[in-house]
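# A structural walkthrough
Chain residues, written in single-letter form:
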Amino acid sequence: MATHPGFDAGLDLDALPLRERKKIQTGIRLWRTAVGLFAERGFDQVSVAEIAAAAEVSKMTVFNYFPSKEDLVMSPMEQHLDEPARVVRERAPGTSAVAALRAHYLAALERFDPSTGLSDDPVVLDVVRVIHRTPALLLRATTGYDHRAQALLTAELLAQDPAGEELTARIAAAQLLAAQLTLTGENQRRMLAGGRAADALPAALDQARRAFALIEHGLGDYGSGTA
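Residues numbered from 1 in each chain as written. Predicted model: local features only at pLDDT ≥ 70, side-chain atom pairs only at ≥ 80, totals over all residues. Heavy atoms only, no water.

## A word on the pattern of salt bridges
Opposite charge on two side chains allows them to pair when their charged atoms are near. Here the structure, examined in full by the defined rule, presents 14 salt bridges. Here glutamate 216 ties to arginine 102 by a salt bridge, and the two come within 2.9 Å at their closest N and O atoms. Of this pair, glutamate 216 sits in helix α10 (residues 197-217) while arginine 102 sits in helix α6 (residues 97-110); the two residues are 114 residues apart in sequence, bridging distant segments of the chain. For glutamate 216, a relative accessible area of 37% gives the class partly exposed. Note that arginine 189 is salt-bridged to glutamate 186, the shortest N-O span being 2.7 Å. Of this pair, arginine 189 and glutamate 186 are both found in helix α9 (residues 166-192), 3 residues apart, which corresponds to roughly one turn of the helix. Look at arginine 189 and you get partly exposed, because its relative accessible area is 47%. Looking at glutamate 186, the relative accessible area reads 25%, which means it is partly exposed. Within this structure, Glu70, Asp71, Glu78, Arg140 and Arg148 form a network of salt bridges that share partners. (Salt bridge = Lys/Arg side-chain N within 4 Å of Asp/Glu carboxyl O. Helix = DSSP H or I, 4+ residues; strand = E, 2+ residues; numbered from the N terminus. Buried < 20%, exposed > 50% of the residue type's maximum accessible area, 1.4 Å probe, protein only.)

## A word on the confidence of the model for the chain
The share of residues in the chain with pLDDT of 70 or more is 93%, and the mean pLDDT across the chain is 90. Long-range and interchain partners of residues 1-10, a stretch whose pLDDT sits below 50, account for 25 contacts in this model, where long-range means more than four residues apart. (pLDDT = per-residue confidence, 0-100. Contact = heavy atoms within 4.5 Å.)

## Points about empty space enclosed by the protein
Enumeration over the complete set of coordinates arrives at 1 cavity of 30 Å³ or more. Taken as a whole, the largest cavity encloses approximately 40 Å³ of empty space. Lining the largest cavity are Pro114, Gly117, Leu118, Ser119, Val124, Leu125, Val128, Gln188 and Met191. For the lining of the largest cavity, the secondary structure elements donating two or more residues are α7 (122-133) and α9. Looking at the lining of the largest cavity element by element, the count peaks at 3 residues for α7. Counted by class, the lining of the largest cavity contains 6 nonpolar, 3 polar and no charged residues. (1 Å grid on protein atoms, 1.4 Å probe; cavity = no way out; pocket = protein on both sides within 12 Å on 5 of 7 lines; lining within 4 Å. Points joined across faces, edges and corners; volume = space filled by probe spheres on them. Nonpolar A, V, L, I, M, F, W, Y, C, P; charged D, E, K, R; others polar.)

## Points about the packing of α7 against helix α8 (residues 135-159)
Two numbers describe how α7 lies on α8: the axes approach to 5 Å, and their chain directions differ by 100°. Classified by the angle their axes make, α7 and α8 are roughly perpendicular. Together, Val130, Ile131, His132 and Arg133 of α7 and Pro135, Leu137, Leu138 and Ala141 of α8 make up the contact between the two elements. Its residues assigned to classes, the contact of α7 with α8 comprises 6 nonpolar, 1 polar and 1 charged. (Axes fitted to C-alpha atoms, helices over the stretch in contact; angles between N-to-C directions. Parallel < 35°, antiparallel > 145°, perpendicular 65-115°, else oblique.)

## Concerning α10
In an α-helix, one turn spans 3.6 residues, which is why side chains three or four residues apart end up on the same side. With 21 residues, α10 ought to run about 30 Å at 1.5 Å a step, and its terminal C-alpha atoms sit 29 Å apart, in line with that. If you look at α10, its biggest bend is around 30°, right at alanine 203. Among the residues of α10, those classed as buried are Ala197, Ala200, Leu201, Ala204, Leu205, Ala208, Ala211, Phe212 and Ile215. Buried residues along α10 sit against α6 and α9. Of the residues one or two after α10, glycine 218 is the one with positive phi, at around 85°. (Expected span 1.5 Å × (residues − 1). Bend = angle between axes of the 7 residues up to and from the residue.)

## Concerning the layout of surface pockets
The calculated volume of the largest pocket comes to roughly 810 Å³. Sorting the residues of the lining of the largest pocket by element identifies α4 (71-78), α5 (83-89), α6, α7, α8 and α9 as the ones contributing at least two each. The element contributing the most residues to the lining of the largest pocket is α8, with 7 residues. Considered class by class, the residues forming the lining of the largest pocket number 19 nonpolar, 11 polar and 6 charged.

## Observations regarding the packing of aromatic side chains
What describes a pair of aromatic rings is the distance from one ring centre to the other and the angle between the planes of the rings. Within the structure shown, the criterion is met by 2 aromatic pairs. Here phenylalanine 38 and phenylalanine 43 contribute two aromatic rings whose centre-to-centre distance is 4.8 Å and whose plane-to-plane angle is 55°, an arrangement assigned as tilted. The same class applies to phenylalanine 38 and to phenylalanine 43, which are both buried. When the ring of tyrosine 105 is compared with that of phenylalanine 212, the centres are 6.2 Å apart and the planes differ by 50°; the resulting orientation is tilted. Taken together, the positions of tyrosine 105 in helix α6 and phenylalanine 212 in helix α10 put the pair 107 residues apart, joining distant regions of the chain. According to the relative accessible area criterion, tyrosine 105 is buried, its value standing at 3%. (Phe/Tyr/Trp six-rings, centres within 6.5 Å; stacked < 30°, edge-to-face > 60°.)

The structure is reproduced here in structure tokens:
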């Protein structure tokens, strides 16, 4: 997904009506322009007016697509906050939440989806750098997954639990999202260090399988000093 983290790379733009196609293309152009400027000069040093001028649109057009300057970086990724809950909701009958989310994450790794951190696309890496270098964006990214995504997943797990165990749902959601965030952070570290996504894929898949196995089977005697 080299164009835009929130854009469906499998979508055939040519098949869309002209107005809708132009709207998507404008949004992608604004996002790419903003990310390029932020990566070059720093998030706080770039104004929305400068982004508009560079993209050859009005300042109002920018705000029509992205309500705030932070949204120019964050909103494409935040479109996926409900993804874990959706995966659980749409899983096949008899499939555990862990199994469904593991399969979804492994498949995303194999297609080098930026949401897994395993993407060496230059624009995606610029986004990661901008977030990591900007405290307000890093806080928003953390808060989004710590609170919003976790609340959505908790609600979905609870809705499908005949026993209605809220604490169990909250703990399960916290563990599942923490595993994904840890794996994604490790993949981003590899990519920022100059690694190639294709080269890192085998290790990333192995770590993901191990992480979900820990959730599935529990930590057991981990930390006790026993083998």
